[in-house]
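Survey of secondary and tertiary structure
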Protein chains: 2
Amino acid sequence: MAGGDNKKSEKKPKANVSGGGKKKEVKKETGLGLSFKKDENFGEWYSEVVVNGEMIEYYDISGCYIIRPWAMSIWEIMQTFFDAEIKKMKIKNCYFPLFVSPGVLEKEKDHIEGFAPEVAWVTKSGQSDLEVPIAIRPTSETVMYPYYSKWIRGHRDLPLKLNQWCNVVRWEFSNPTPFIRSREFLWQEGHTAFATKSEADTEVLDILELYRRIYEEFMAVPVIKGKKSELEKFAGGLYTTTVEAFVPNSGRGIQGATSHCLGQNFSNMFDITFENEKGEKAKAWQNSWAYTTRTIGVMVMVHGDDKGLVLPPKVASVQVIVIPVPYKDADTQGIFDACNATVETLSEAGIRAEADFRDNYSPGWKYSHFEMKGVPLRIEIGPKDLANNQVRAVRRDSGAKIDLPRASLVEQVKEILDKIQESLFEAAKQRRDACIQTVKTWDEFVEALGQRKMILAPWCDEVEVEKDVKARTKGEMGAAKSLCSPMEQPEMSEGTICFASGKPAKKWTYWGRSY
Amino acid sequence: MAGGDNKKSEKKPKANVSGGGKKKEVKKETGLGLSFKKDENFGEWYSEVVVNGEMIEYYDISGCYIIRPWAMSIWEIMQTFFDAEIKKMKIKNCYFPLFVSPGVLEKEKDHIEGFAPEVAWVTKSGQSDLEVPIAIRPTSETVMYPYYSKWIRGHRDLPLKLNQWCNVVRWEFSNPTPFIRSREFLWQEGHTAFATKSEADTEVLDILELYRRIYEEFMAVPVIKGKKSELEKFAGGLYTTTVEAFVPNSGRGIQGATSHCLGQNFSNMFDITFENEKGEKAKAWQNSWAYTTRTIGVMVMVHGDDKGLVLPPKVASVQVIVIPVPYKDADTQGIFDACNATVETLSEAGIRAEADFRDNYSPGWKYSHFEMKGVPLRIEIGPKDLANNQVRAVRRDSGAKIDLPRASLVEQVKEILDKIQESLFEAAKQRRDACIQTVKTWDEFVEALGQRKMILAPWCDEVEVEKDVKARTKGEMGAAKSLCSPMEQPEMSEGTICFASGKPAKKWTYWGRSY
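Note that this is a predicted model, so its numbers are computed, not measured. Along every chain, residues carry numbers that run from 1 in the direction the sequence is written. The order in which chains are written sets their letters, starting at A; the order in which ligands are written sets their numbers, starting at 1. Thresholds applied to this predicted model are a pLDDT of at least 70 for local features of residues and 80 or more for the giving and counting of side-chain atom pairs; totals over whole chains, interfaces and linings are not thresholded and use all residues. Based on all heavy atoms of the structure, the side-chain values leave hydrogens and waters out of the count.

It is worth spelling out the overall build of chain A at this point. Per the secondary structure count, chain A includes 14 helices and 23 strands. For chain A, the C-alpha radius of gyration of 26 Å lies close to 24 Å, the compact-globule estimate for 515 residues. Expressed as lengths along the three principal axes of its C-alpha atoms, the size of chain A is roughly 85 × 55 × 50 Å. A simple rule labels every residue: compare its accessible area, found with a 1.4 Å probe on the protein chains alone, to the largest value its type can have, and call it buried under 20%, exposed over 50%, or partly exposed in between. Taken across its 515 residues, chain A has 60% of its residues classed as buried. The contact definition used throughout considers only heavy atoms, calling two residues in contact when any of these lie within 4.5 Å. Of the contacts formed within chain A by residues at least 6 apart in sequence, a portion of 70% connects residues at least 24 apart. Neither His nor the chain ends is counted toward charge; the positive residues are Lys and Arg and the negative residues Asp and Glu. Here the site of a charge means NZ on Lys, CZ on Arg, CG on Asp, or CD on Glu. Of the side chains in chain A, 71 bear a positive and 73 a negative charge, and the two mean positions are spaced by 2 Å. Runs of H or I in DSSP of at least four residues are treated as helices and runs of E of at least two as strands, each being numbered from the N terminus. Two things to know: the radius of gyration comes from C-alpha atoms, and the globule rule equals 2.2 Å times the number of residues to the power 0.38.

Written as structure tokens, this is what we have:
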């Protein structure tokens, strides 16, 4: 294995049914299930479900993964949504190089300190050594901003609002996990520059709202909008906002996507200045913001079950799978025709539907297969359905079975898909909310942490205190840290003190272990 | 400059008006023109036009370029077209890692010989050396095919048809040129596997037809469909088809995009086998095909003129620029309202239109600015137009001016845009055709090469003869090589002999210097 230096336990699924036995014909009736249960061995379950659900294939370089079409189509659906939204905001797409020269990379000190240990360096081409090693972008602030300096001269050049869809590389050594923590990942990164702080502040929140919508409206994953602590904010930035998700099974928070106000730190370092309307020289206010393929991993962790993936209808590339259930003495052709007609009717109504007519798999095998892949709704058509001019619909999320008259198929399927989307979100929210614990004292905090909670606590908002919390909670499971201070602050009665320091509390903050 | 090892003359534009003078307010009336003429100094003209047209910014690592929104939007328009077309062909998108381990990269000998000198190697992360250096993909055959071997087992797993949109890196040392030859570029790469050669053959041509459409229907650039010689085919493949463009100003052919049949060479090396319907083990037939951001460069080279870029309407992100032409005593507000109404009317009809209301630039400056950027149609609205309820339209390609009644605006603008698209193609085709020279003897060949022609000659189709042609034409301008043997072969009378070897000719083949 190449590049496997220092790597820690990368969990590869042990029983890889769909891709494991090389050159062995696919098993027909058995072996489709998962060998691990979500509640019993969450880590192994996750590794297995992303592979057996055909989202991911493990790659021969540790920490790198193959994103298969079943996952890529989810990424594309979100991309279509987000790209259209930012274009409405007059943000334009561009593409900056993958490579950064060391001088530029190291220009903003806090920033490079945050990224330096993870930077991959190209030192050779063919058989020759390069004169100077070249870094691969871990993020593109330092790649882009020398050119912002060049392009921005007068106030009329502002705002400058660019975005790119690309890959970035962070050569991390801790627990690589598909989608969640990988050495290369896909993302969009927006980089904007404004004349005033208030414009920058506004955009930070507009983007954060789009990130909330990606998680809540598309992925059906509840998130908390909040602000990161000084210790957890983006290296070199002014402040970082986040949509913070929580994975009940692991009891860990996860940074869903972040929208940073960089203030004038980078414009200072990279000399991004402009002549304002009064003819004075001023520094630009900058933002950067990104979401990554991690979104898909969070969705899998939150919704998946012991039968496999559970995809929210809005992001599923196949929303409805139609399966013929013929019997020996039945009108097989009639059933097949009804399946085809059903797919056609649904497709014409804009529903993503497919049928599986393969004759070497039984209906039962197909049920399990598409449950593993998380298709939101299954439609079965057998002789009885044909006779009654109906179809049988089975929900992936609840297993509920409903007979639908073919006459009102489109309206009812649409309604069911909407309900599934809604139920997934509501169920996820209930499970998440059940994990939230409000505490006021250190003892309560330690107890809640032991119970793997997402802990809301009054905090003095001091860096040293957060460092202290980390030090005092160090252990095999990993230390606790602040997740975010929610935008919607609960009321705080006068005289409330910090759970960790006993000093006067300034804000409610979520704490917990984290990915 | 980082990474500038061994690099040869990279032409950076000398007079970079739009981005040169740091912190200097944009010049208002002067300095918008190009300092080089297309016919006089083509190389410098090209470098300048891509920068001043705001497509490209030169980057501080040689051979890497920043693709600005004006060019990125063209890439996106083509991507939307091509992606939809291949999805109709049931090709699915995926994403494989950027990195390749050396063992895999080197598995197919001919293939790696073709790419080895250009491979960039990552040898360090942070301060630590990697155990094994890791290559950055120059193309993804060797990245993907070990997994094709895993996924393909029975005939029902075929065809397997995947595509990815990504960046690739080829650390070349010869003449980097924006879009045309860069060390990192964007492309799509399709990789498909079939049970039979005839399915593979068919797809090669279906994809080639899409590439033709990209060039001819979108870029308005005429291309010749043909087959590459043994010497010029894809390293490790069976045969390569190409759409070949020609740049009259440089007298060079340029490989527009290629669709390869890999035969069974890779399936042999990577053990991509399946059990066929008879229960026998068989090797898969494979294709790979790609087009890159080079398409944009070819388009600029073919259509641009001494005023700047000339964009075909189909790929221009702004098809119509509306410019108010107020006079001191005129109804300025009325003019502005008419401009806004014009943009709205055109936008509603699906035409990409914008207005430029900036008050710190004169109409004349704006005319030049949008001519530089190549906007296909300019609409001017002044007091007289307002009074006559008309607008003045000016074509970028021909400079022709037409007064359009506002009542029939949409139909007429659509018609003009169609005409521009058509005229650009026709004009480019005429210029290209004027460069094609048919020869039969070596002397004629040498003469035509001296005149920078695209030379059609009868050839014996032998590798040694092509090597010999290369050796005999070596010189400052670069050697001649075969460009392609056109799919549509002119008739060849019996007894025709090869222009270079005097042996019996087998096919008509285009020859010339090439990018």
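From this point, things continue past the structure.
Membership of the largest hydrophobic core comes to 84 residues, with the highest contact counts inside it found for F99 and Y148 of chain A together with F99 and Y148 of chain B. Once residues lying within four places of it in the same chain are set aside, the contact partners of Y148 of chain A are F96, L160, L162, H191, A193, I272 and Q286 of chain A. Remark: nonpolar core denotes a set of buried residues (Ala, Val, Leu, Ile, Met, Phe, Trp, Tyr, Cys) joined through side-chain atoms within 4.5 Å.

Glancing now at the relation of the copies chain A and chain B. In this comparison the copies share one frame, found by least squares on the C-alpha atoms of residues holding pLDDT of at least 70 in both. Overlay of chain A on chain B (RMSD 0.0 Å): rotation 180°, translation along the axis 0.0 Å. Viewed as a symmetry operation, the transformation between the two copies matches a two-fold axis. Minimal C-alpha separation from the rotation axis in chain A is found for V122 of chain A, amounting to 2.1 Å. Looking at chain A, 99% of its interface residues are interface residues in chain B too, so the copies touch through the same face.

Next up on the list: the interface of chain A and chain B. On the chain B side, the residues contacting the 77 residues of chain A number 76 residues. Computed with a 1.4 Å rolling probe, the buried area is the accessible surface lost when two parts are put together, summed over both parts. For the pairing of chain A and chain B, the buried interface totals around 6,600 Å² over both sides, and the portion due to carbon and sulfur atoms is 56%. Between K87 of chain A and E76 of chain B there is a salt bridge, and its shortest N-O distance comes to 3.3 Å. N or O atoms closer than or at 3.5 Å make up a polar contact, with two conditions inside protein: a donor-capable atom paired with an acceptor-capable one, and, for residues adjacent in sequence, both atoms drawn from side chains. Our enumeration of links across chain A and chain B arrives at 33 residue pairs in polar contact (both at pLDDT 80 or more). Of all the elements, strand β5 (residues 120-125) of chain A adds the most residues to the side of chain A that touches chain B, at six residues. Polarity classes work like this: nonpolar for Ala, Val, Leu, Ile, Met, Phe, Trp, Tyr, Cys and Pro, charged for Asp, Glu, Lys and Arg, and polar for all others, with Gly in that last group. A breakdown of the residues in the side of chain A that touches chain B according to their chemical character gives 40 nonpolar, 16 polar and 21 charged. Basic side-chain nitrogens of Lys or Arg form a salt bridge, by our definition, when they fall within 4 Å of a carboxyl oxygen of Asp or Glu.

Ring pairs are drawn from Phe, Tyr and Trp, using the six-membered ring of Trp, whenever the two centres fall within 6.5 Å, and their geometry is named by plane angle: stacked under 30 degrees, edge-to-face over 60, tilted for the rest. This structure, assessed with the given rule, holds 62 aromatic pairs over all chains. Grouped by ring-pair contacts, the aromatic residues Y59 of chain A together with F96, Y145, Y147, Y148, W151, F266 and F270 of chain B constitute a single cluster. A cation over an aromatic ring shows up here: K227 of chain A above the ring of Y239 of chain A, its NZ or CZ 5.0 Å from the ring centre. The lysine or arginine in question, R472 of chain B, covers the ring of W442 of chain B, its NZ or CZ lying 3.7 Å from the ring centre. Charges are assigned to positions over rings by a cutoff of 6 Å between ring centre and Lys NZ or Arg CZ, combined with an angular limit of 35 degrees from the ring normal.

What follows concerns the UniProt feature "domain: Aminoacyl-transfer RNA synthetases class-II family profile" (unreviewed entry) in chain A. On the UniProt side, "domain: Aminoacyl-transfer RNA synthetases class-II family profile" (unreviewed entry) is annotated at positions that read residues 97-312 of chain A here. Structurally, residues 97-312 of chain A comprises 27% helix and 36% strand, and the distance from its first C-alpha atom to its last is 35 Å. UniProt positions are given in the numbering used here, feature names are shortened, and annotations may be inferred rather than shown by experiment.

Residue and element names in this part refer to chain B. Taking burial as the measure, the 11 residues of helix α1 (residues 42-52) include 10 buried ones, the bulk of the element. For α1, every residue scored as buried is listed here: F42, E44, W45, Y46, S47, E48, V49, V50, V51 and N52. For α1, the secondary structure elements touched by its buried residues are β1 (56-58), β10 (239-247), α8 (294-303) and α10 (363-372). Following α1 by one or two positions, E54 has its phi on the positive side, about 65°.

So, on to the sheet that holds strand β4 (residues 99-100) of chain A. Here the rule is simple: two strands pair whenever DSSP picks up at least two bridges between them. Here we have six strands laid out as an open sheet, ordered β4(A)-β6(A)-β5(A)-β5(B)-β6(B)-β4(B), and antiparallel in their pairing. Two strands bound the open sheet, and with one partner strand each, they are β4 of chain A together with β4 (99-100) of chain B. As paired elements, β5 of chain A and strand β5 (residues 120-125) of chain B share five bridges and run antiparallel to each other. Looking across to β5 of chain B, one finds that V122 of chain A is bridged to V122 of chain B.

Turning to the side chain of H111 of chain A, a few remarks are in order. Tracing the sequence through the fold places H111 of chain A in helix α4 (residues 109-115). Those residues within four positions of H111 of chain A in sequence are excluded, and the remaining contacts are T139, E141, T142, F234, A235, G236 and F266 of chain A.

Further remarks concern the pairing of strand β10 (residues 239-247) of chain A. All names here are of chain A. Where burial is concerned, most of β10 is hidden: nine out of the nine residues are buried. Of the two faces of β10, the one lined by Y239, T241, V243, A245 and V247 and the one lined by T240, T242, E244 and F246 are each fully buried. Adjacent in sequence and paired antiparallel, β10 and strand β11 (residues 252-263) are bridged by four residues, among which G251 carries a positive phi angle near 65°.

Right, let's talk about the sheet that holds strand β18 (residues 390-395) of chain A for a bit. Pairing between the strands of a sheet comes from backbone hydrogen bonds, and it takes one of two forms, parallel or antiparallel. All names here are of chain A. Strands sit in the order β16-β15-β17-β18-β19 across an open sheet of five strands; the sheet is mixed. Looking at strand neighbours, the two that pair on one side only are β16 (353-355) and β19 (401-405), the edges of this open sheet. Going across the sheet, the axis of each strand differs from the next one's by a mean of 25°, ignoring polarity. Relative to β19, β18 is paired through five bridges, and the arrangement is antiparallel. Paired with A393 across the bridge in β19 is I402. Structural elements are reduced to axes, namely lines fitted to C-alpha atoms, with helices fitted over the stretch in contact, and the angle between N-to-C directions of any two is expressed from 0 to 180 degrees. Running at roughly 170° to strand β15 (residues 320-324), helix α9 (residues 332-348) makes contact with β15, β16, β17 (377-381) and β18 of the sheet. This element, helix α12 (residues 409-435), spans β15, β17, β18 and β19 of the sheet and lies at about 155° to β19.

Moving on, we come to the pairing of β18 of chain A. All names here are of chain A. With five of six residues buried, β18 is to be regarded as a mostly interior element. In terms of strand pairing, β17 meets β18 through four bridges, oriented antiparallel. Across the sheet, the residue bridging to L377 is R395, located in β18. Hairpin connection, β18 to β19: the antiparallel pair is bridged by five residues, and G399 has positive phi, about 75°.

Residues and elements named next belong to chain B. Note on placement: K197 falls in helix α6 (residues 197-218). Its relative accessible area of 32% is what places K197 among the partly exposed residues. Counting along the chain gives 270 residues from K197 to K467, while the straight-line C-alpha distance between them is 30 Å. Every residue in contact with K197, bar those within four places of it in the chain, is listed here: L238, Y239 and W285.

Further remarks concern the packing of helix α2 (residues 69-88) of chain A against helix α6 (residues 197-218) of chain A. All names here are of chain A. One way to put it is that α2 packs onto α6 with a least axis distance of 11 Å and a crossing angle of 150°. By the criterion of interaxial angle, the relationship of α2 to α6 is roughly antiparallel. Considering only the axes of α2 and α6, their crossing is right-handed. From α2, I77, M78, F81, F82, E85 and I86 reach across to α6, where they touch I207, L210, Y211, R213, I214 and F218. Classifying every residue of the contact of α2 with α6 by side-chain character gives 10 nonpolar, no polar and two charged. An angle counts as roughly parallel when it lies under 35 degrees, as roughly antiparallel when it exceeds 145, as roughly perpendicular when it falls between 65 and 115, and as oblique in every other case. It is the rotation of the near helix from the far one that decides the hand of a crossing: anticlockwise by less than a right angle makes it left-handed, clockwise makes it right-handed.

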